[in-house]
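What the coordinates show
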Amino acid sequence: MKSLRVGLGDRSYPIIIKNGIMAEIGAELKKQHFAKRFFVISDSTVADLYGQQLLASLQQAGYDPAILTFPAGEQSKVLSTIAELASRLAQLGMDRGDGLLALGGGVTGDITGFLAASFMRGVPFVQIPTSLLAQVDSSVGGKTGVDIPEGKNLIGAFYQPRAVYIDSQVLQSLPKEELLNGLAEVIKYGVIYDSAFFDFLDSKRLDILNLNLAVIEEMVESCCAIKAAVVEADEREADLRRILNFGHTIGHAVEADSNFQLPHGMAVAIGMVAACRVAVDKGIFSPESCERVVRLIADFGLPVAIPKNAAADKLKGYLQTDKKTVGGKVFFVLPTEIGKVVITDNVDDDMIARVLGG
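Residues numbered from 1 in each chain as written. Predicted model: local features only at pLDDT ≥ 70, side-chain atom pairs only at ≥ 80, totals over all residues. Heavy atoms only, no water.

Brief notes about the overall build of the chain
The following threshold applies: Strands here are runs of E lasting at least two residues and helices are runs of H or I lasting at least four, both read from the DSSP assignment and numbered beginning at the N terminus. Atoms considered for the radius of gyration are the C-alpha atoms alone. The globule rule reads 2.2 Å times the number of residues to the power 0.38. To sort residues, take the accessible area from a 1.4 Å probe on protein chains only and compare it with the maximum for the residue type: under 20% means buried, over 50% means exposed, and anything in between is partly exposed. Throughout, a residue-residue contact means that at least one pair of heavy atoms, one from each residue, lies within 4.5 Å. Accessibility throughout is a Shrake-Rupley quantity obtained with a 1.4 Å probe, and a residue counts as covered only by protein chains that appear here. The positive count covers Lys and Arg only, the negative count covers Asp and Glu only, and His and the chain ends enter neither. To locate a charge, take NZ of a lysine, CZ of an arginine, CG of an aspartate or CD of a glutamate.
A count of helical and extended segments in the chain gives 14 helices and 11 strands. Its C-alpha atoms give the chain a radius of gyration of 20 Å, near enough to 21 Å, the size a compact globule of 358 residues would have. Seen through its C-alpha atoms, the chain measures out along the principal axes to roughly 60 × 40 × 35 Å. Here the chain, with 358 residues, has 58% of them falling under the buried criterion. Here the contacts in the chain between residues at least 6 apart in sequence split such that 75% fall between residues at least 24 apart. By element, 49% of the accessible surface of the chain is carried by carbon and sulfur atoms, the whole surface being about 14,200 Å². Positive and negative side-chain charges in the chain, numbering 35 and 43 respectively, have mean positions lying 3 Å apart.

Written out as structure tokens, the structure reads:
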């Protein structure tokens, strides 16, 4: 078992990483004593895979759980899903002494976290991420939210979970595309924070792609440790935490332009390449380092180019509605060397047009 802690005073919580921990979550929750009953929130796909195993673990620990599901996919990450789930919880008699368990990927975690933040003005919840993307990124840090047509995650709240339980074994059931989707966020950590971790990813690429669980657990632990350190320093994204948006500014625009048909991690991979090329254009990042990043992204099987059917003017429009835009200025996270980045709004329109293809 690997154990980390996100240190946020009285809102601190553990991150537990263990192969096979899904069967032990009921017993783990008993140790915390923060809810008398749990409602599991999951999408239709993950519920079929792991719902009964989690319910059995809860029942063995003496809980009387229930599971609520919604249709799998980003299209469910909308306010109507929150309203429907809230109605079902009210009908089942949930009160502030109960808790929610987010069983699934990033969509489930974001939906459950926002539901927990808003239902009865706040109930406790726990993250049980089943996708690599959620395990290394979205389950840690308390960002929750839903999409609207104007952009991704524009409605949400910062609301920390009580714990994060990561079972590396569940990754074996992931489709390859979902594994790659998470690897984009993994690579992000090496570029923004830790050059040694970037080198680790380069040297262990085949082990990672072949799901060597020992290497995967080391990788997940490193990502969570970086994310925890950043969140502890800047919980609400006032300063340092903004570096976690590397690749997301243009990535979110590309994702929105695809009507959210392009998976988030694939969009972030494209956005990271675009950010690196803007940094080279500005003269703050060497072409050689840029090509190292592009090559690693490509070697993991991730896309590196903006889709040909994406219109530059539409992408620029999405940039203006991104939640990271302040006073009409679009902020970018740009690398200066592998392991270090800067946050700047000093990117002229010509630079943006060149990377967007306009």
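Structural notes on the side chain of D167
Using the following cut-off: Basic side-chain nitrogens of Lys or Arg form a salt bridge, by our definition, when they fall within 4 Å of a carboxyl oxygen of Asp or Glu. The term polar contact refers here to a pair of N or O atoms within 3.5 Å; inside protein, the definition further demands a hydrogen-donor-capable atom paired with an acceptor-capable atom, and it admits residues adjacent in sequence only when both atoms are side-chain atoms.
For D167, the location among the structural elements is in the loop between β9 (164-166) and α6 (176-192). For the buried D167, no salt bridge exists, and the shortest N-O distance to an oppositely charged side chain is 9.4 Å, to K18. Within polar-contact distance, the side chain of D167 engages the backbone nitrogen of M22 at 3.1 Å. One polar contact links the side chain of D167 to the main-chain amide nitrogen of Q169, over a distance of 3.0 Å. Among all residues touching D167, those that are not within four sequence positions of it are K18, N19, G20, I21, M22 and Q135.

Digging into the environment of S3
Structurally, S3 is set in strand β1 (residues 2-6). Separated by 42 residues in sequence, S3 and T45 place their C-alpha atoms 28 Å apart. Sequence-distant contacts of S3, defined by excluding residues within four places in its chain, comprise I15 and I16.

Some remarks on helix α2 (residues 44-60)
For an α-helix, 3.6 residues make a turn, and residues three or four places apart therefore share a direction. Condition: Expected helix span is taken as 1.5 Å per residue step, with the number of steps being one fewer than the number of residues. Bend, at a single residue, is the angle you get between axes fitted to the 7 residues ending at that residue and the 7 residues starting at it.
Given a rise of 1.5 Å per residue, 17 residues ought to cover 24 Å, and the 24 Å separating the end C-alpha atoms of α2 matches this to within 8%. Most pronounced at Y50, the bend in α2 amounts to some 55°. Looking only at α2, the buried set comprises V46, A47, Y50, G51, L54, L55, S57 and L58. Those residues of α2 hidden inside the fold are in contact with α1 (25-32), β3 (38-43), β4 (66-70), β5 (99-104) and β6 (125-129). The N-capping residue of α2, defined by a side-chain oxygen 2.9 Å from the backbone nitrogen of T45, is D43. At the C-terminal side of α2, G62 shows a positive phi close to 95°.

So, the pattern of salt bridges
Inspection of the entire model under this criterion finds 20 salt bridges. One salt bridge in this structure joins R37 and D98, with 3.0 Å as the shortest N-O distance. Pair noted here: R37 is in the loop between α1 and β3 and D98 is in the loop between α3 (79-91) and β5, with a separation of 61 residues, a long-range link. A salt bridge links E74 to K77; its shortest N-O distance comes to 4.0 Å. With relative accessibility at 2%, the residue K77 sits in the buried group. A network of salt bridges, in which partner residues are shared, links E74, K77, D110, D147, K152 and E255.

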